[in-house]
Amino acid sequence: MLKTLTVWNFALLEHVEIEFSAGLNILTGETGAGKSILIDALGAVLGRRLTGDFIRTGCEWLRVEAVFDISGQKDVKEILSEQAIDADEDTLIITRQYTTKGKNSILVNGCHVTIAFLKSLGEALVDIHGQHENLSILKQDNQRYIVDHSNTKVYNQLKSYETVFSKWKELLTEIEEKKEKAANLNERLDMLRWQDQEIEQAQLTAGEEVELEADIKRLSNSERITENVEKAYCLFDGTEESEGILSAVARVRQCLEQAGRFEEQLSELVQPLEDASYQLQDIFYSVRNYKDALDFDPKRLDDIQNRMDQIDKLRKKYGSTVEEVLLYQKKIRQELEDMENFDANLEADEQKLKVLHDSLMDEGNKLTEQRKTAADKLSSSIQRQLKALGMQSSQFRIMISESEPTLNGLDEVSIQFSANEGEKEKSLAKTASGGELSRIALAIKTVSAQNDDSVGSMVFDEIDTGIGGETAQMVAERIAWVGFFKQVLCITHLPQIACMADAHYHLYKEVNEGKTVTSVKKLSRDERIREVARMASGKDISKAALTSAEEMIEHAYARKESFRKRK
């Protein structure tokens, strides 16, 4: 839902800020007051093309900012999520600025986006009826959506079909990929067999490169190890020239024992020293055993280095560690097994595909039949609404035609329309004018409003073109009905429509310091009565006109109360 729209330097709109309401928002004013300019400004933040002509005379830039409440609008949140744009608080702020130099700046919740992204986002936010290029009902996907969401059975059948289609399509793609690979099957087989053989001949053991690297380090430094172990042994055991560590410690302990007879403090040092002596003896035995076992074979070093060269060669080809090389071998063996059983596997897959295809056609045919039933019912209901909206000679039909299987079914859904008796029905985009499209959209929304969970806001700009009297009343009541389920912004010149407003805004021009500006005011109840009277009788508003306008508003309120009970 559109909460606020703020506009700077957009044509006659110097600075306007409007807080919109839920339900039916009516925009009125004299011809040329700037009502359509306001809708153009809204179109700007929905992705509509801008030019320098929109910038207010004497200004260097224009800016439009719209704030939306997107709670419950899953489609909008998915679009934002794809661009990593945060919308956790259910508030969406779009700001667009355009300069006389053609610089275009677009921010969505503080993130810069492209005009293409803004346009796709705008289509999910607001449905503008009145400008031919913006009408969502001209898009075939939306025409199908109308049918599929008009009936629970159709929607549930569509979901059943989609489940089978996804499985069928996935397997079909898999089979096609296998067949593509089969063209180079023999060449691939030879390569995989050679790779498997190369890895197998190496007889790798997981983690062995770590042990080999430790052995290479040890053997490469054998002279240093030998020299230092011999030196450590001598320091422990002593030489002819010097006393060893163990003997020195023994003599220190003896001295402390003798002195400790006379000094308790020295006596307490004997036991720790004795414990240290035992630990030193253990270390000495370990050093002695290592020294006695020293045997550095140069050939052993050559063998280990050759093994590491072999492993390094494989690691460069198949993985950074022996574990990764072995994992690669496991994968190619599985691929070899699949390829060697290619024909049998392919035959099994194609049999599965046939079963899925039969199931797909069965689900698709059910969907087609249910769509046809729903489309016929919808066509009749919408046709009745069109006649009530003054389009007595029009013909409206939702046609279901056969197509190739897609995620959406086995058929295409298209709206066929003829405005005049005797003319052949054609696609909606080719036959309906802007005003007709607006009334068709209103007829569709009147029938489907309760089931339609698409865009949250709608704009009607040309809906009252060429109508009056009873037809105007019918249009008004249907707009009010749609307003129970959607936020509606409607520009109108008809008092019958204006009196149905949940919120009424009046646009007017005034001259300030020699410049014309458009202002917007939300009307109070008394102001609404006066504006409806003006719309009905012109500038010379009599007391009778005011009384009549008040009665119209009271009648509209009563009609909406009856709608509320039906809802």
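Before reading on, note that the structure itself is shown above.
Quick caveat, the model's predicted, so the values are computed rather than measured. (Residues numbered from 1 in each chain as written. Predicted model: local features only at pLDDT ≥ 70, side-chain atom pairs only at ≥ 80, totals over all residues. Heavy atoms only, no water.)

*Asks:* Looking at this structure, I do not really get the sheet that holds strand β10 (residues 409-418). What am I missing?
*Replies:* In a beta sheet, neighbouring strands pair by backbone hydrogen bonds and run either parallel or antiparallel. Pairing within the open sheet is antiparallel, and its three strands lie in the order β9-β10-β11. In this open sheet, the two strands that pair with only one neighbour each are β9 (395-406) and β11 (426-427). Two elements, β10 and β11, share two bridges in a ladder whose sense is antiparallel. Looking across to β11, one finds that F417 is bridged to K426. Together, β9 and β10 form the strand contacts of helix α4 (residues 140-148), whose direction differs from that of β10 by roughly 100°. Sheet contacts for helix α14 (residues 342-388): β9 and β10; angle to β9, the most-contacted strand, approximately 165°. (Pairing = 2+ DSSP bridges. Helix = DSSP H or I, 4+ residues; strand = E, 2+ residues; numbered from the N terminus. Contact = heavy atoms within 4.5 Å. Axes fitted to C-alpha atoms, helices over the stretch in contact; angles between N-to-C directions.)

*Asks:* Would you mind showing me how to read the sheet that holds strand β8 (residues 126-129) here?
*Replies:* In spatial order, the strands read β8-β12-β13-β3-β14-β15; together these six strands make up an open sheet with mixed pairing. Pairing within the sheet leaves two strands with one partner each, and these edge strands are β8 and β15 (515-522). With direction set aside, neighbouring strand axes in the sheet form an average angle of 20°. Examined bridge by bridge, strand β3 (residues 24-28) and strand β14 (residues 503-512) share four bridges and lie parallel to one another. In the strand pairing of β14, I26 is matched with H504. Seen against the sheet, helix α17 (residues 469-482) touches β3, β12 (457-460) and β13 (487-491) and runs at an angle of roughly 150° to β13.

*Asks:* Help me understand the side chain of E208, please; the structure alone is not making it clear to me.
*Replies:* Of note, E208 is situated in helix α7 (residues 208-220). Of note is the side chain of E208, whose polar atom sits 2.8 Å from the backbone nitrogen of T205. Looking at E208, its side chain comes within polar contact range of the side chain of R307, at 2.9 Å. Once residues within four sequence positions are removed from consideration, E208 is found in contact with Q203, R307 and I311. (Polar contact = N/O pair within 3.5 Å; in protein donor to acceptor, adjacent residues only side chain to side chain.)

*Asks:* What exactly am I supposed to notice about the environment of S379 here?
*Replies:* By secondary structure assignment, the location of S379 is in helix α14. The contact partners of S379, leaving out residues within four places of it in the chain, are F396, R397 and I398. Of note is the side chain of S379, whose polar atom sits 2.7 Å from the backbone oxygen of A375. Polar side-chain contacts of S379 include one of 2.9 Å to the backbone nitrogen of I398.

*Asks:* Help me understand helix α9 (residues 245-260) in this model?
*Replies:* The terminal C-alpha atoms of α9, which comprises 16 residues, lie 22 Å apart, in line with the 22 Å expected from a rise of 1.5 Å per residue. Regarding α9, the residues found buried are V249, L256 and G260. Within α9, the buried residues cover an arc of 35° as seen down the axis, which keeps them to one side. Lining the buried residues of α9 we find α10 (264-267) and α11 (270-292). (Expected span 1.5 Å × (residues − 1). Buried < 20%, exposed > 50% of the residue type's maximum accessible area, 1.4 Å probe, protein only. Arc of directions from axis to C-beta.)

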